[in-house]
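So the chains spell out like this:
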Amino acid sequence: MKPHYDFSKGQRGKYYDKEAVFKLPVYLDEKVEAYLAAKAAIKGIELSDLVNELLKKEIEIIEAVRG
């Protein structure tokens, strides 16, 4: 790193977009991804849609058990 950076000509918020959504990258185990990708292909849906479906069901189960 440089000892000093000149921000005198910078503009605060130049690239700010209040509508922007940050997506977390999720990395699946190789075997899990292959299995789920095959299931998604059979169902004719995207892998991310299948993973979201499964996670939503898992959350429902967790919440049901918690009472």
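Above this text you will find the structure in question.
So, here is what we can say about the structure in this document. Being a predicted model, the structure only gives us computed values, none of them experimental.

1. Some details on the overall build of the protein
- Of regular secondary structure, the protein possesses 2 helices and 0 strands.
- Here the protein has a C-alpha radius of gyration of 21 Å; the compact-globule value for 67 residues is 11 Å, and the former is much larger.
- Counting only C-alpha atoms, the protein reaches 55 × 35 × 25 Å along its principal axes.
- With 67 residues in all, the protein has 6% of them scored as buried.

2. Here we look at helix H1 (residues 30-43)
- Compared with the 20 Å implied by 1.5 Å per residue over 14 residues, the 20 Å span of H1 between its first and last C-alpha is a close match.
- Positive backbone phi, approximately 75°, marks Gly-44, located one or two places after H1.

3. Let's talk about the environment of Ala-20
- Residue position: Ala-20 is located in the segment before H1.
- Using a relative accessible area of 54% as the deciding quantity, one classes Ala-20 as exposed.
- Spatially, the C-alpha atom of Ala-20 lies 23 Å from that of Val-51, the residues being 31 residues apart in sequence.

4. What about the pattern of salt bridges?
- Counted according to the given criterion, the structure contains 2 salt bridges.
- In this structure, Glu-53 and Lys-43 form a salt bridge, with 2.9 Å as the shortest nitrogen-oxygen distance. Of this pair, Glu-53 sits in helix H2 (residues 47-66) while Lys-43 sits in helix H1; the two residues are 10 residues apart in sequence, bridging distant segments of the chain.
- Between Arg-66 and Glu-63 there is a salt bridge, with the nearest N and O atoms lying 3.2 Å from each other. Remark: Glu-63 and Arg-66 occur in helix H2; sequence separation between them is 3 residues, near one turn of the helix.

5. Side note on H2
- Look at H2: 29 Å from first C-alpha to last across 20 residues, which is about the 28 Å you get at 1.5 Å a residue.
- With its phi angle positive at about 85°, Gly-67 sits one or two positions after the end of H2.

Calculation rules
- Residues numbered from 1 in each chain as written.
- Predicted model: local features only at pLDDT ≥ 70, side-chain atom pairs only at ≥ 80, totals over all residues.
- Heavy atoms only, no water.
- Helix = DSSP H or I, 4+ residues; strand = E, 2+ residues; numbered from the N terminus.
- Rg over C-alpha atoms; globule rule 2.2 N^0.38 Å.
- Buried < 20%, exposed > 50% of the residue type's maximum accessible area, 1.4 Å probe, protein only.
- Expected span 1.5 Å × (residues − 1).
- Salt bridge = Lys/Arg side-chain N within 4 Å of Asp/Glu carboxyl O.

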